Amino acid sequence: MRPLAILIAGEPVPAAFAARGSFAEMIRNAVGAAWPGEWAELDGRAELPDFERFAGIVVTGSSANVPTREPWILTIENYLSRAVAARADVFGICFGHQLLGQALGGLVEKNPNGREIGTVEVEILAADPLLTASRGAFAANMTHVDSVVKLPPGARVLARSALDENAMVRFSETAWGVQFHPEIDAEICAHYLAARRAAMLEEGLDADAIAAHLADTPAAVEILRRFAESARSKC
């Protein structure tokens, strides 16, 4: 069985890293037994290996911003565009979700609705194999300023939040993106709130109220696990 790859585009804020390790570690722990095979870690700022070597690719979050169009961001976007065209299984998380949106012909900009952070309700809009239901809502942990504000051709919105119309998108038959962090639980999200508190207060957000409503998000975790199971089923 080919390994499942994690393309590392960034790392958690220092307190979160100290508590739980890298995004790659959090993703592996969240997936758990849903992926019994080997894992591979890809450095997003180094030369990327042939995507055909992997059963699938999970692209992590990052504190970087897609709209800066830095060379390493463009390199990853090109890699993902080719991977999706070749029908590789790809799952983008937050920054990874945005990379997919931009790479495939959409547009990423600063979210016109402002920063989205904390445990939020995500409304399901369409059925999909990665979702356990075809309607309703689930809780997910968010921390982002940018968003996919224009979808690429052929993309289909699966879920939205109050501040992001494109909270979960199926970009192709084999590629999905989620603006939320399925690998982040309430404890880790609290570290993000602490790290972003000054900015939140400056933006007029009630940091204490948001902190009081943090929660673990098992339904969001299940989406990531289902992606891993889907990749496994094709091995």
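Quick note: structure is the one above.
To keep things clear, this report deals only with the structure shown in the data block. From a predicted model like this one, the values you see are computed outputs, not experimental measurements.

We now examine the packing of helix α2 (residues 23-31) against helix α8 (residues 218-233). Axes are the key here: two packed helices are described by the angle between their axes and the distance separating the axes. The N-to-C vectors of α2 and α8 enclose an angle of 85°; their axes lie 9 Å apart at closest approach. Considered as vectors, α2 and α8 are oriented roughly perpendicular to each other. Across the interface between the two elements, I27, A30 and V31 of α2 pack against V221, L224, R225 and A228 of α8.

On to the pairing of strand β3 (residues 56-59). Taking every second residue as pointing to the same face, both faces of β3 are buried, with G56 and V58 on one and I57 and V59 on the other. Across four bridges, the pairing between strand β1 (residues 4-8) and β3 is parallel. Residue I6 lies in a different strand from β3, and its bridge partner there is V58. Bridge count between β3 and strand β4 (residues 90-93): three bridges; the pairing is parallel.

So, on to the packing of helix α3 (residues 71-85) against helix α4 (residues 95-103). It is the contact of α3 with α4, at a shortest axis distance of 9 Å, that shows an interaxial angle of 70°. Overall, the two elements α3 and α4 adopt an arrangement that is roughly perpendicular. Judged by residue contacts, W72, I73, I76, E77, L80, S81 and V84 of α3 engage F95, L99, L100, Q102 and A103 from α4. For the contact of α3 with α4, a count of residues per class yields nine nonpolar, two polar and one charged.

For soluble globular proteins, the rule of thumb is that nonpolar side chains tend to be buried together. Judged by nonpolar contacts, the single largest core of 37 residues is most densely connected at F91, V122, F138, M168, F180 and I223. Listed by contribution, the elements that provide at least two residues to this core are β1, α2, β4, β6 (116-124), β7 (136-144), β9 (156-161), β11 (175-178) and α8. Element by element, the count of residues in this core is highest for α8, at seven residues. Not counting chain neighbours up to four residues away, the residues in contact with I223 comprise F91, L130, L131, F138, M168 and F180. Grouped together as the second largest cluster of nonpolar side chains are 30 residues, I73, I76, L80 and V108 included.

A word on α8. Think of an α-helix as turning once every 3.6 residues; residues three or four places apart then point the same way. In this model, α8 (16 residues) spans 22 Å end to end at C-alpha, consistent with the 22 Å of a helix rising 1.5 Å per residue. Residues A220, V221, I223, L224, F227, A228, S230 and A231 constitute the buried set of α8.

Quick look at the pattern of salt bridges now. All told, the structure shown has 13 salt bridges when counted by the stated rule. A salt bridge links K234 to D89, with the shortest nitrogen-to-oxygen separation between them at 2.9 Å. Separated by 145 residues along the polypeptide, K234 in the segment after α8 and D89 in the loop between α3 and β4 bring together distant segments of the chain. In this structure K234 comes out as partly exposed when scored by relative accessible area, which is 47%. For D89, a relative accessible area of 4% puts it in the buried group. One continuous salt-bridge network, built from bridges that share partners, spans D128, R156, R170 and E173.

Cut-off values and rules
- Within any chain, residue numbers begin from 1 and follow the written order of that chain's sequence.
- Where local features are concerned, this predicted model is filtered to residues with pLDDT of at least 70; where side-chain atom pairs are given and counted, the filter is 80 or more; whole-chain, interface and lining totals use all residues.
- Hydrogens are left out, water is left out, and the side-chain values use all remaining heavy atoms of the structure.
- Note on method: axes are straight lines fitted to C-alpha atoms, helices fitted across the in-contact stretch only, with angles between N-to-C directions ranging 0 to 180 degrees.
- Here a helix means four or more residues in a row that DSSP labels H or I, a strand means two or more in a row labelled E, and each is numbered from the N terminus.
- In these notes the angle categories are as follows: under 35 degrees is roughly parallel, over 145 is roughly antiparallel, 65 to 115 is roughly perpendicular, and the rest is oblique.
- Whether two residues are in contact is decided by their heavy atoms, any of which lying within 4.5 Å being enough.
- We call a residue buried when its accessible area falls under 20% of the maximum for its residue type, exposed when it is over 50%, and partly exposed in between, using a 1.4 Å probe and counting protein chains only.
- Should DSSP find at least two bridges between two strands, the strands are regarded as paired.
- Under this grouping Gly is polar, as are all residues other than the nonpolar Ala, Val, Leu, Ile, Met, Phe, Trp, Tyr, Cys and Pro and the charged Asp, Glu, Lys and Arg.
- The criterion is simple. A nonpolar core is a set of buried Ala, Val, Leu, Ile, Met, Phe, Trp, Tyr and Cys residues joined through side-chain atoms within 4.5 Å.
- A helix's residues, less one, multiplied by 1.5 Å, set its expected span.
- Only one rule defines a salt bridge in this text: a Lys or Arg side-chain nitrogen within 4 Å of an Asp or Glu carboxyl oxygen.

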